[in-house]
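Chain residues, written in single-letter form:
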Amino acid sequence: MRALFLIVRRSLRQHALSTAVTVASLALACGLVTAIFSIERQARGAFGGGSGSFDAVLGARGSQLQLVLNAVFHLETSPGNVPWSLYERVAADPRVAAAVPYAVGDSYRGHRIVGTVPDAFALSHGGEARFVGAGRLFDPGRREAVIGSAVARRTGLAYGAHFQPAHGVIEAGAHDHDEDFVVVGVLEPTNTPADRVVWIPIEAVFRMGGHVLRGGGEDYHADPSQPIPDEHKEVSAVLLQLKGGMMGASLFREINYQQKEATLAWPVARVMAELFDKLGWMHRVLTMVAYLVVAVATGSVTASLYNTMNERRREFAILRSLGARRRTVFAAIVCESSAIAFAGGLAGLVVHAAILAGASALVRERTGVVLEVFAAHPVLWLAPAGLVALGALAGVVPALKAYRTDVATHLAPTS
Amino acid sequence: MSAASDSAPRGPVLVVEDLAKTFTAPDGERTKVVDVPSFSLAEGEQVAVEGASGSGKTTFLHLIAGILEPDSGSILIDGEDMAALSEAGRDRLRARSIGYVFQSFHLLQGYSALENVLLGMHFGPGPDLGRARSLLEQVGLADRLDHRPRQLSVGQQQRVAVARAVANRPRLLLADEPTGNLDPSRAGEALELLRAVSAEAGSALLLVSHDRGILECFGRVESFEGLRRAGEVSP
């Protein structure tokens, strides 16, 4: 074994450049495979289970997926509004444990503004909202705001800062509302989409200048001096906590198939799982590309070793003349290719970390979801281990060539 | 260091009988390169075999070392028939009982002088760092242990090859034109070293050369032509 170790070590050093190139290609292949599997699983976990304690989303008639993406992940546009009366009816339904209304449509420097009620934080933030430094929930009757950690980081808004919402979501050139809001709390990071949201009282959304309420079927502009009649109010979505799975199924049938005035997305995890299932082809394509890169990289191990075999035949002949057996020479080449693959596997974890770090920053920027660089996944050890096995296989052909080296011929008789 | 006596026969280390090897040229012509009815070498004996270039001396040594397989005959090394062994068996016997100094030394270029000596030990009784160092010191390379072959002079490379050949304390040391790449002034010095180290390791020495100056140093010098079966034509 020590002889093998010495032979492999010296050979790797002698062919340092080609070894480095081969290790780099294997590392890229290994890193791609592990990153693709890790990102897919984490994204599934984050988006499939990122609804906090909410089980369902009620909203305008349309796509369940759009509802979930808009209300839970603060992506996409709202499919429309539903009347306040529907919210009240659903909130009072014995099958519903809790209901939180959302009203959307405005933003601040690219961050969505969500009008809601203070109870929302008890449900969406694990029981209670935690603030960075001094902070409190907004007063439902005032122009106050609570902002997510990502909003504070990117916009510079802090406790006590004032801002004016822009009409519309993200679009450049949207005009600012005249209303001035004060930040009364910066939420601690939750590593969820909620970090990217500016939370204000839902009443403030109703009363924002230029907003038209159509809950009663006709246009209504809020009068600053008058309470808004409930029949004119409308909400973009209602997040629901149900009293059990059976209740959800019952409510789902009733709202989606019988009443047909709204859509209930339930359960949220199922809706997101369907999204991932629909995007499964993309994962398969990416995986195939990664496997292809693995195949090419493994082929490069064979090629780089095979190309050195002619120049190394004399070395093998010398080793044989010293008493090395054919199988020792064969094993040395297989060990060498395995060592290259092992190094590629280790370096692959560095590539994996780099890809995950980049992807995590991008996903966090776009969705607020944080991907862990080294989240537990069997692929993190399976891929390097598989690569070593492939590396060993890749060494078989050159090893056979070395195995067949004729000693006498390559010791160049001189007399 | 002093050269050991040329012959101190105590028992045969090497006994060759009816050894024959024929090569077939690409045009189908068959040439019997080696045809030695009888040859033996006693323990500790130092013998030179002379012969012109291309006479088959190297093939003779390769057959004794088990690098080539004979067509017929026996090669007893300490009573074990190299010719009757499997390839793996020949490898084992070679590693254990034979040291070989090649004309062009055949050092491994990627390895240091010390590693070249150690590597041969790996295939024999096992690596002995102390002995490897000591041998290189003995041949005057104490300050060149970590040098690669290309960082050494030709004479120094030859000394590494000698140290490697005797590292496993072989019963039989084969030397194929060991001074062929050295200038005459260095050749005598190298031969003295080879004989002394061989004697110190307790190895019998079989050296082939066509250099008169070298051959004169040996008490027993055999002509390769003389070893061949009468009536055979040299290639």
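About the cut-offs
- Residues numbered from 1 in each chain as written.
- Chains lettered and ligands numbered in written order.
- Predicted model: local features only at pLDDT ≥ 70, side-chain atom pairs only at ≥ 80, totals over all residues.
- Heavy atoms only, no water.
- Helix = DSSP H or I, 4+ residues; strand = E, 2+ residues; numbered from the N terminus.
- Rg over C-alpha atoms; globule rule 2.2 N^0.38 Å.
- Buried < 20%, exposed > 50% of the residue type's maximum accessible area, 1.4 Å probe, protein only.
- Contact = heavy atoms within 4.5 Å.
- Buried area = accessible area lost by both parts, 1.4 Å probe.
- Salt bridge = Lys/Arg side-chain N within 4 Å of Asp/Glu carboxyl O.
- Polar contact = N/O pair within 3.5 Å; in protein donor to acceptor, adjacent residues only side chain to side chain.
- Nonpolar A, V, L, I, M, F, W, Y, C, P; charged D, E, K, R; others polar.
- Domains from an automatic or database assignment.
- Axes fitted to C-alpha atoms, helices over the stretch in contact; angles between N-to-C directions.
- Parallel < 35°, antiparallel > 145°, perpendicular 65-115°, else oblique.
- Left-handed = near helix turned anticlockwise from the far one by under 90°.
- Pairing = 2+ DSSP bridges.
- Disulfide = S-S within 2.5 Å.

Novice: I'm lost on the overall build of chain A in this one. Help?
Specialist: Across its full length, chain A carries 14 helices and twelve strands. What you see for chain A is a C-alpha radius of gyration of 31 Å, clearly larger than the 22 Å of a compact globule of 415 residues, by over 25%. The principal-axis extent of the C-alpha atoms belonging to chain A is close to 115 × 45 × 35 Å. Expressed as a percentage of the 415 residues in chain A, the buried residues total 50%.

Novice: Sorry, what's going on with the interface of chain B and chain A here?
Specialist: Much of the literature gives interface size as the accessible area that the parts lose upon coming together. Contact with chain B, which involves 33 residues of that partner, is made by 26 residues of chain A. Carbon and sulfur atoms make up 57% of the surface buried where chain B meets chain A, a total of about 2700 Å² over both sides. If you sort the residues of chain B by the area they bury against chain A, His-106, Tyr-111 and Phe-123 of chain B come out on top, with a joint share of 22%. In this assembly, chain B and chain A are joined by four salt bridges. Between Arg-320 of chain A and Asp-91 of chain B there is a salt bridge, with its nearest N and O atoms 3.2 Å apart. There are seven residue pairs in polar contact (both at pLDDT 80 or more) connecting chain B and chain A. Contributing elements (two or more residues each) for the side of chain B that touches chain A: helix H1 (57-65), helix H2 (87-97) and helix H3 (113-123) of chain B. By residue number, the principal contributor to the side of chain B that touches chain A is H2 of chain B, which donates six residues. For the side of chain B that touches chain A, the residue count by class is eleven nonpolar, 13 polar and nine charged.

Novice: What's the story with the domain arrangement of chain A in this structure? I'm lost.
Specialist: All names here are of chain A. Split into domains, chain A comes out as domain 1 (2-47 + 279-409) and domain 2 (56-266). Computed from C-alpha coordinates alone, the two centres of domain 1 and domain 2 are separated by 50 Å. The interface of domain 1 with domain 2 comprises nine residues on the first partner and eight residues on the second. The junction of domain 1 with domain 2 conceals about 750 Å² of combined surface from both sides, 48% of it contributed by carbon and sulfur atoms. For the domain 1 face of the interface with domain 2, the top three residues by lost area are Phe-47, Arg-364 and Thr-367, together amounting to 49%. Joining domain 1 to domain 2, the criterion identifies one salt bridge.

Novice: Please explain the environment of Val-166 of chain B as it appears in this structure.
Specialist: Residue and element names in this part refer to chain B. Its place among the elements puts Val-166 in helix H5 (residues 154-166). Classification of Val-166 by relative accessible area gives buried; the value is 0%. Remark: the alpha-carbon pair of Val-166 and Asp-211, spanning 45 residues in sequence, is separated by 23 Å. Those residues in contact with Val-166, other than ones at most four positions away along the chain, are Arg-131, Leu-135, Leu-173, Val-197, Ser-198 and Ala-201.

Novice: How do you make sense of the packing of helix H11 (residues 326-367) of chain A against helix H12 (residues 379-394) of chain A when you look at a structure like this?
Specialist: Axis angle and axis distance: for two packed helices, these are the angle between their axes and the distance between the axes, and together they describe the pair. All names here are of chain A. Two elements in contact, H11 and H12, have axes whose closest approach is 7 Å; the angle formed by their N-to-C orientations is 155°. Classed by the angle they form, the pair H11 and H12 counts as roughly antiparallel. Relative to H12, H11 is oriented so that their crossing is right-handed. Here H11 contributes Val-334, Ser-337, Ser-338, Ala-341, Phe-342, Gly-344, Gly-345, Leu-349 and His-352 to the contact with H12, which in turn contributes Leu-380, Pro-384, Leu-387, Val-388, Gly-391 and Ala-392.

Novice: What am I meant to see in the sheet that holds strand S2 (residues 30-42) of chain B here?
Specialist: Pairing between the strands of a sheet comes from backbone hydrogen bonds, and it takes one of two forms, parallel or antiparallel. Residue and element names in this part refer to chain B. Read across the sheet, four strands follow the order S2-S1-S4-S5 without closing on themselves; strand pairing throughout is antiparallel. Of all the strands in the sheet, just S2 and strand S5 (80-81) have a single pairing partner and so form its edges. Note: strand S1 (residues 12-24) against S2, eleven bridges, orientation antiparallel. Its bridge partner being in S2, Thr-22 is matched across the sheet by Lys-32. Sitting on the sheet, H1 touches S1, S2 and strand S4 (72-77), and the angle it makes with S1 is about 120°.

Novice: When you look at unusual backbone geometry in this model, what are you seeing that I'm missing?
Specialist: Excluding glycine, residues mostly have negative phi values, and the peptide bonds linking residues are mostly trans. Residues Trp-266 of chain A and Pro-267 of chain A are joined by a peptide bond in cis, for which omega reads -20°. Here Pro-267 of chain A shows up in the loop between strand S12 (263-265) and helix H9 (268-278). The phi dihedral of His-106 of chain B falls on the positive side, at around 50°, and the residue is not glycine. Here His-106 of chain B is to be found in the loop between strand S6 (98-101) and H3. Of note in the backbone geometry, Arg-169 of chain B takes a positive phi value of approximately 50° without being a glycine. One can find Arg-169 of chain B in the loop between H5 and strand S7 (172-176).

Novice: Any chance you could explain the pairing of S4 of chain B here in plain terms?
Specialist: Every other side chain in a regular strand lies on the same face of the sheet, so the side chains alternate between the two faces. All names here are of chain B. Relative to S4, S1 is paired through five bridges, and the arrangement is antiparallel. Within the sheet, the bridge partner assigned to Val-16 lies in S4 and is Ile-75. Bridge count for S4 against S5 is two bridges, and the pairing is antiparallel. Opposite Leu-76, over in S5, you have Asp-81 as the bridge partner.

Novice: Would you mind showing me how to read the pattern of salt bridges here?
Specialist: Side-chain pairing between opposite charges can occur once the charged atoms of the two side chains come close. Evaluated as defined, the whole model comprises 31 salt bridges over all chains. The partner of Lys-233 of chain A in a salt bridge is Glu-203 of chain A, and the shortest N-O contact between them spans 4.0 Å. Note that Lys-233 of chain A is positioned in the loop between helix H7 (202-206) and strand S10 (234-235) and Glu-203 of chain A in helix H7, a separation of 30 residues in sequence. Given the relative accessible area of 9%, Lys-233 of chain A is considered buried. On the basis of relative accessible area, Glu-203 of chain A is assigned to the partly exposed category, the value being 23%. Taken together, the salt bridges that share partners define one network made up of Arg-320 and Arg-326 of chain A together with Glu-87, Asp-91 and Arg-94 of chain B.

Novice: What am I meant to see in the sheet that holds strand S9 (residues 220-223) of chain B here?
Specialist: Residue and element names in this part refer to chain B. The sheet built from five strands is open, its strands ordered S6-S7-S8-S3-S9 with parallel pairing. Since the sheet does not close on itself, it has two edges, and those belong to S6 and S9, each with one partner. Ignoring strand direction, the axes of neighbouring strands in this sheet form an average angle of 20°. As paired elements, strand S3 (residues 46-50) and strand S8 (residues 204-209) share five bridges and run parallel to each other. Each residue of the ladder has a partner; that of Glu-50, found in S8, is Ser-209. In the packing of H1 onto the sheet, contacts are made with S3, S6, S7 and S8, and the angle to S7 comes to roughly 155°.

Novice: Would you mind going over the state of the cysteines with me for this structure?
Specialist: In protein chemistry, a disulfide is the covalent bond that joins the sulfur atoms of two cysteines. Throughout the structure, instances matching the rule amount to zero disulfides over all chains. Cysteine Cys-335 of chain A remains unbridged, with the sulfur of Cys-30 of chain A as its closest cysteine sulfur at 20 Å.

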